[in-house]
Amino acid sequence: MSLFHATVRVTPRPGLLDPEGKAIHHALESLGYDGVGEVRVGKAITLEVEAASRDEALARVDEMCRKLLANPVTEDYRIELSEEEGGTP
Amino acid sequence: MSPTKTDQDAATPEAAPRPRPGDPEITPEVVADHGLSPDEYERVLRILGRTPTFTELGIFSAMWSEHCGYKNSKPLLRLLPTEAPWVIQGPGENAGVIDVGDGHALAFKIESHNHPSAVEPYQGAATGVGGILRDIFTMGARPVAVLDSIRFGDLDSGRNRYLFAGVVSGIGDYGNCVGIPNIGGEVFFDRAYDGNPLVNAMALGIMKREELIKGEASGIGNTLMAVGARTGRDGIHGATFASEELSEDADESSRPQVQVGDPFTEKLLLEASLELIRSGHIVGIQDMGAAGLTSSASEMAGRAGSGVVLEMSKVPVREPGMTPYEILLSESQERMLVVALRGREDEVRRILEKWELEAEAVGEVTDDGHFRIEENGRVVANIPALPLTDGCPTYEREGVESDEIRGLREQNLSEVLEPRGDLSAAFLDLMGSPNLASRRWIYEQYDTTVRTSTVVRPGGDAGVIRLPHGKRGVAATTDCNGRYCWLDPREGAKAAVAEAARNLVCVGALPTAITNNLNFGNPLKPHIYFQMREAVLGMAEACSLFETPVTGGNVSLFNETDGKAIYPTPVIGMVGVLDDVERALGHGFRDEGDAIILLGENREEIGASEYLYRNHDLVAGAPPLVDLVAERRLQHGVLAMVQKGILLSAHDCAEGGLAAALAESALADPERPLGLRVELHDRIAPVALFFGETQGRIVVSCAPDDVDEVLGMARNHGVPARVLGAVRAAEQGFRLDAPLGSIRVDTAALSERYFNSIPAIMDTDGDLPDAAGASHE
Amino acid sequence: MSVKLRVAVVTFPGSNCDHDCYRAFRLLDGVEPEFRWHREAELDGVDAVVLPGGFSYGDYLRAGSIARFSPIMESVVRFAREGGPVLGICNGFQILCEAGLLPGALLRNNGLRFRSHDVHIRVENPGTPFTSRYEPHQVLRVPIAHGEGNYHAAPEVLAELEGAGRIVFRYCTPDGTLSEAANPNGSAHHIAGIVNEAGNVLGMMPHPERAVEPVLGSSDGAPLFESLLDHLAAAAPHAGELTT
């Protein structure tokens, strides 16, 4: 088994109104930051997962996302995975 | 578990602790960094008969801080009346408790979180609410209401807007999540609070009389258990001293300076604690609040006259490698210390497990009167408990009034009695001042109706909640005008008590008792100590006369920024009792044609008013006079009228004066603003007549048929009363006429001004933390 | 022998309106509310289920997202699928959406702040088990208290809700007009409450249980609970009527 570090990025689905993103965009403009495009606010969830392989780790985290970590009605997710160095075989 | 068995030496109270490897040496610098004066350190040496270990020094430092030891305020606090037949628990416990009838007892207390809120407004305010709720449920009472008394610098500063927005959402999010309705409070803005906001939170809880439990470690051999959240490195001694000294860890800078609240855990802890208390498995319980495990364990021992021994390795921690010093002084939130009957530890654990919380046996009650700390059986601290908790040196200082302030108080204000321009315009402007405008923006972020007991919601004179079963209710309010107290601390404190009592009678409650939050600057300065002493004397006089004893509270000193102190702000949290909540009264006028009656007298006073601050940028003059005897008559008169059911509304005249009070009553229902027509015959300067803040006045309304009865009852109670005019439809405008001037404004314009001023200031970019932080002024 | 209707009020860790819901039923005759801890697996033959408001699991991750995995929820889902009436209020509505018993999701209020005040809602469908005592388009005054009540669903879902009369309550002005100003959280189509396709599961953000006595400011919520009892009594004619 190896230890994998997963980062799940959960973001509002494209087209979904994101009032927090809008407010931050407005604030950035008023602070003088021109040329800022659309701002979207999501969250990052970091997890440690034990799995036999990278594929297995990915499959498990993907299942977690579908079941709990993201709401398919309103949110998209992306998984980033890295393997702990010197993980136990 | 028996930590004493592992080391025979430790079993004797005299066992001297050995310094831990890596502890700093105790030098005069280290002592000074811990905030102990040379005299205080001498006293430590006498109590111990030896040099303290580093851990012990930390313990003394925390327990003898102003926050825990009240060293600068204790002699003054003794001047306050604390007893009455209805007082069940006076000062000295987690909260005061009074009898409110029908077998119910009310626990209530106010506490400050000023400094944490100045650093991180959201978490500072949130953890303030968390702490005061724990003080209530550790008495065995279920929290039923919170109030918040908050003060900031003027809102033209981005930093102040950021603090205000953060504090309000911190208070809201925490209370909302735990499910306790917010029923009122106060907010005040003045440059005196720039850089030093005041965040005082008050909570009320209800229990059956027999459910009262105390924070006592009694019963030799009983088990001390740490319950709730784990102990982390948060809030250890705040910023008292450089963090390098805490431990040899290199990564000091990453340590959290801010305590983070977890209202979800608090809710579970609340339910678990009440279940524990009702279960009979425990004999004492206390919040690990300021100074954490140290103060909770030593105070519980001190109150019971017992001793305690704690084993540090048993305390559930959030991070590895924590030293006893850190564990003892951590201020991690949502933790409690309970004293379980010996042999019932598993039952205690089962209750906690049901609520998905931890309980760990960490020590036991001893008979040796010592506060003893062990680490894997090795004694690291051993201090007699009573001298630690009660032996803190106290200081009575010399108080001298500041010449500058006396000069301002005695300033001749005859010039400002001449209005600058149009009175109607001045009035409209005044009603848009953040100190007078509607507070809806604040309390609409607070859940006010959860628990289905709120009878009078925030926005009026006082909040009212119904007691379980039956018709009785309790009312609560917080009050203090810092400007009055700054210009004349004795009269200002009297005014705070008098206003609180007026607010309670306006909703139909009999004023019953007080909790106070004494917010002051640095007491080592003679003019600050003068303010403290005078304020306490004024408070004592008013509380004695009103029969509203002080059952506890909180002292917050050193509220200064760059050497400049806040206004002396002795906040009064007063509670009252209603026999029948269906008689509870609001402050809003009801219908066209209702008569408007003034109880009390108008005087030509303009000193210390919001009008002066706003129009002349001036905080000067004598604050309005307080006639306590007349106030007492007024309270009795209004209460009798409310109980008779002949009033339709009652509202206290406070900041902004008579004109503001009338406007607040006319605009009480934002969906149905009303107009009015009032004629005054007083031949006094209109600025003072309309905007002066003369005390002892209540505006009431009643049906035209009841006018004679209201006037008659006022006469019988020795209260001056006269009909001012009548409520009109909104379209007929808001009209006040007096011999020397008049106000005529459009109701819609007034309503717009009153309701939209604070949203217009706050619903901008200013309250996004990053943006506001960047515009720090 | 008197047989009372039984209504389960589910308590999750962090629920804080469970006692208020319990009390709303206690004020009525012929019904016995009972608290059910979320870890219980079985509903044990109750006649209706209430998921109360609050902050189950602190609203961490997303409101309702963790509570939906509580052991009792399997039984609640089964009960609902079999036609048993389920009422979710505030956090209970959020849990019903997360559990898939109702479509859509509740997002953060469009003003980004928690909002607590009375609102007016219009009864759009008096033909549900929860609304039979109301008149069509009757306007009710009830409190809201939430930070995440902005109802969102895909356009085709909204069309289905509209077409099938599944929108039960909409936010409105005191005279029943729909307006942006009267919509406290930005909800699509001014939605304050919806039912599932079968009509037996109602989710709503406003708190009818806080408006059941005049002394609390409104009793407009009481008929909702009475409607439910009517429905249950009709379904089980031997229950409810024998009590006093």
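Quick caveat: nothing in here was measured; it's all calculated off a predicted structure.

The rules behind each value
Per-chain numbering applies: the sequence of each chain, read as written, is numbered from 1 onward. Lettering of chains starts at A and numbering of ligands starts at 1, both following the order in which they are written. The predicted nature of this model means local features are confined to residues of pLDDT at least 70 and side-chain atom pairs, given and counted, to a pLDDT of 80 or more, with totals for whole chains, interfaces and linings taken over all residues. Side-chain calculation: all heavy atoms of the structure are included, whereas hydrogens and water are not. Secondary structure elements are taken from DSSP: a helix is a run of H or I of four residues or more, a strand is a run of E of two residues or more, and numbering for both begins at the N terminus. Radius of gyration: over C-alpha atoms. The globule rule applied is 2.2 Å multiplied by the number of residues raised to the 0.38 power. Residue burial is assigned from relative accessible area. The probe radius is 1.4 Å, only protein chains are included, and a residue is buried under 20% of its type maximum, exposed over 50%, and partly exposed in between. Any two residues having at least one pair of non-hydrogen atoms within 4.5 Å are treated as being in contact. Only the protein chains shown count as cover for residues, with accessible areas throughout obtained via the Shrake-Rupley method and a probe of 1.4 Å. Residues scored as charged are limited to Lys and Arg (positive) and Asp and Glu (negative), so that His and the chain ends carry no count. Every charge is mapped to an atom, namely NZ of Lys, CZ of Arg, CG of Asp or CD of Glu. The rule for a salt bridge is simple: a side-chain nitrogen of Lys or Arg has to be within 4 Å of a carboxyl oxygen of Asp or Glu. Note: two strands are recorded as paired if DSSP finds a minimum of 2 bridges between them. Between N-to-C directions, angles cover 0 to 180 degrees, with each direction set by a line fitted to C-alpha atoms, over the stretch in contact for helices. Put simply, buried area is how much 1.4 Å-probe accessible surface two parts lose in total, over both of them, once they are put together. Roughly parallel means an angle under 35 degrees; roughly antiparallel, over 145; roughly perpendicular, 65 to 115; everything else is oblique. It is the rotation of the near helix from the far one that decides the hand of a crossing: anticlockwise by less than a right angle makes it left-handed, clockwise makes it right-handed. Note that Gly is not counted as nonpolar here; it falls among the polar residues with everything else outside the nonpolar set of Ala, Val, Leu, Ile, Met, Phe, Trp, Tyr, Cys and Pro and the charged set of Asp, Glu, Lys and Arg. What makes a nonpolar core is a set of buried Ala, Val, Leu, Ile, Met, Phe, Trp, Tyr and Cys residues whose side-chain atoms join them at distances within 4.5 Å. Think of it this way: a Phe, Tyr or Trp ring, Trp meaning its six-membered ring, pairs with another when their centres are within 6.5 Å, and the plane angle makes it stacked under 30 degrees, edge-to-face over 60, tilted otherwise.

1. Describing the overall build of chain A
Line of reasoning, step 1. When helices and strands are counted, chain A shows two helices and three strands.
Line of reasoning, step 2. Secondary structure of chain A in N-to-C order comes out as β-α-β-α-β.
Line of reasoning, step 3. Relative to the globule expectation of 12 Å for 89 residues, the C-alpha radius of gyration of chain A, 17 Å, shows a markedly less compact shape.
Line of reasoning, step 4. Its C-alpha atoms give chain A principal-axis dimensions of about 55 × 30 × 15 Å.
Line of reasoning, step 5. Put simply, chain A has 89 residues, and 31% of those count as buried.
Line of reasoning, step 6. Taking contacts inside chain A between residues at least 6 apart in sequence as the whole, the part at least 24 apart equals 75%.
Line of reasoning, step 7. When the accessible area of chain A is evaluated, it comes to approximately 5600 Å², of which 50% is carbon and sulfur surface.
Line of reasoning, step 8. Between the centroid of the 10 positive side chains of chain A and the centroid of its 17 negative side chains there is a distance of 6 Å.

2. A short note on the pattern of salt bridges
Line of reasoning, step 1. Within the structure shown, the criterion is met by 74 salt bridges over all chains.
Line of reasoning, step 2. R490 of chain B is paired through a salt bridge with E534 of chain B; the nearest N and O atoms lie 3.0 Å apart. Within this pair, whereas R490 of chain B is found in helix α18 (residues 489–507), its partner E534 of chain B is found in helix α19 (residues 526–546), the two being separated by 44 residues in sequence.
Line of reasoning, step 3. Assessed through its relative accessible area of 28%, R490 of chain B is described here as partly exposed.
Line of reasoning, step 4. Among the ionic pairs, E124 of chain C bridges to R170 of chain C, the shortest N-O distance being 2.9 Å. Taken together, the positions of E124 of chain C in the loop between β6 (115–123) and β7 (139–146) and R170 of chain C in strand β9 (residues 167–172) put the pair 46 residues apart, joining distant regions of the chain.

3. Focus on the sheet that holds strand β2 (residues 31–37) of chain C
Residue and element names in this part refer to chain C.
Line of reasoning, step 1. Here we have nine strands laid out as an open sheet, ordered β2-β1-β3-β4-β11-β10-β9-β6-β7, and mixed in their pairing. Every other strand in the sheet has two partners, leaving β2 and β7 as the edge strands with one partner each. Across the sheet, the axes of successive neighbouring strands diverge by a mean angle of 25°, strand direction being ignored.
Line of reasoning, step 2. Sheet topology note: the β6/β7 ladder contains eight bridges and is antiparallel. The partner of R115 across the bridge, within β7, is H146.
Line of reasoning, step 3. Where helix α1 (residues 18–26) meets the sheet, its contacts fall on β1 (5–11), β2, β3 (48–51) and β4 (86–89), and the angle it forms with β2 comes to roughly 165°.

4. Topic: the interface of chain B and chain C
Line of reasoning, step 1. At the junction of the two partners, chain B supplies 35 residues and chain C supplies 30 residues.
Line of reasoning, step 2. Both sides together, the interface formed by chain B and chain C hides about 2600 Å², and carbon and sulfur atoms give 50% of it.
Line of reasoning, step 3. Among the residues of chain B in contact with chain C, F264, E444 and T452 of chain B are the three that bury the most area, contributing 22% of the side total.
Line of reasoning, step 4. Linking chain B with chain C are six salt bridges, by the criterion used here.
Line of reasoning, step 5. R113 of chain C serves as the salt-bridge partner of D763 of chain B, at 2.7 Å between the closest nitrogen and oxygen.

5. Quick look at the pairing of strand β11 (residues 201–204) of chain C
All names here are of chain C.
Line of reasoning, step 1. Taking every second residue as pointing to the same face, both faces of β11 are buried, with V201 and G203 on one and L202 and M204 on the other.
Line of reasoning, step 2. Note that strand β10 (residues 191–195) and β11 share three bridges and pair antiparallel. Looking across to β11, one finds that V195 is bridged to L202.
Line of reasoning, step 3. Taken together, β10 and the strand that follows it, β11, pair antiparallel across an intervening segment of five residues, in which G199 is found at a positive phi of about 85°.

6. With respect to unusual backbone geometry
All names here are of chain B.
Line of reasoning, step 1. A positive phi angle, near 65°, is found at A608, a position not held by glycine.
Line of reasoning, step 2. Within the fold, A608 resides in the loop between β22 (595–599) and α20 (610–616).
Line of reasoning, step 3. With a relative accessible area of 1%, A608 lands in the buried category.

7. Some thoughts on the interface of chain A and chain C
Line of reasoning, step 1. With 14 residues of chain A in contact, the opposing surface of chain C contributes 15 residues.
Line of reasoning, step 2. Here chain A meets chain C over a buried area of about 1100 Å², counting both sides, of which 67% is carbon and sulfur.
Line of reasoning, step 3. Our enumeration of links across chain A and chain C arrives at two salt bridges.
Line of reasoning, step 4. Its salt-bridge partner being R108 of chain C, residue E20 of chain A comes within 2.9 Å of it at the nearest N-O pair.

8. Considerations on the packing of α19 of chain B against helix α21 (residues 628–644) of chain B
All names here are of chain B.
Line of reasoning, step 1. Where α19 meets α21, the axes come as close as 10 Å, and the angle between the chain directions of the two elements is 40°. In terms of axis orientation, α19 runs oblique to α21. In terms of crossing hand, the pair formed by α19 and α21 is right-handed. Seen from α19, the contacting residues are E541, A542, L545 and F546; seen from α21, they are L628, V629, E631, R632 and Q635.
Line of reasoning, step 2. Among the residues making up the contact of α19 with α21, the classes are represented as five nonpolar, one polar and three charged.

9. Digging into the sheet that holds strand β12 (residues 370–375) of chain B
Residues and elements named next belong to chain B.
Line of reasoning, step 1. Taken together, seven strands build an open sheet; the order of strands is β8-β10-β7-β11-β9-β12-β13 and the sheet is mixed. Whereas interior strands pair on both sides, the edge strands pair on one side only; in this sheet they are β8 (282–287) and β13 (378–384). Across the sheet, the mean angle from the axis of one strand to that of its neighbour is 25°, orientation sign disregarded.
Line of reasoning, step 2. In this structure, strand β7 (residues 223–228) lies alongside strand β11 (residues 358–366), joined through six bridges in antiparallel fashion. Residue pairing across strands places L224 opposite G363, the latter belonging to β11.
Line of reasoning, step 3. Where helix α12 (residues 345–354) meets the sheet, its contacts fall on β7, β8, β10 (335–340) and β11, and the angle it forms with β11 comes to roughly 150°.

10. What to know about the nonpolar core
Line of reasoning, step 1. Core analysis: the largest hydrophobic core is formed by 132 residues, its most contacted members being F164 of chain B together with V49 and F169 of chain C.
Line of reasoning, step 2. For F164 of chain B, the residues in contact, after removing those within four places along its chain, are I150, F152, L155, V187, F189, W441, I442, I758 and M762 of chain B.

11. As for the packing of aromatic side chains
Line of reasoning, step 1. One pass over the full model with this rule turns up 19 aromatic pairs over all chains.
Line of reasoning, step 2. On the basis of an interplanar angle of 85° and a centroid distance of 6.0 Å, the ring pair of F264 of chain B and Y60 of chain C is categorised as edge-to-face. One end of the pair, F264 of chain B, is in helix α9 (residues 263–279); the other, Y60 of chain C, is in the loop between β3 and α2 (71–81), on a second chain.
Line of reasoning, step 3. Judged by centre distance (4.4 Å) and plane angle (10°), the ring pair of Y22 of chain C and F35 of chain C falls under stacked. Remark: F35 of chain C occurs in strand β2 and Y22 of chain C occurs in helix α1; sequence separation between them is 13 residues.
Line of reasoning, step 4. Judged by its relative accessible area of 32%, F35 of chain C is partly exposed.
Line of reasoning, step 5. Members of the aromatic cluster, connected to one another through ring pairs, are F427, Y611, F690, F691 and F734 of chain B.

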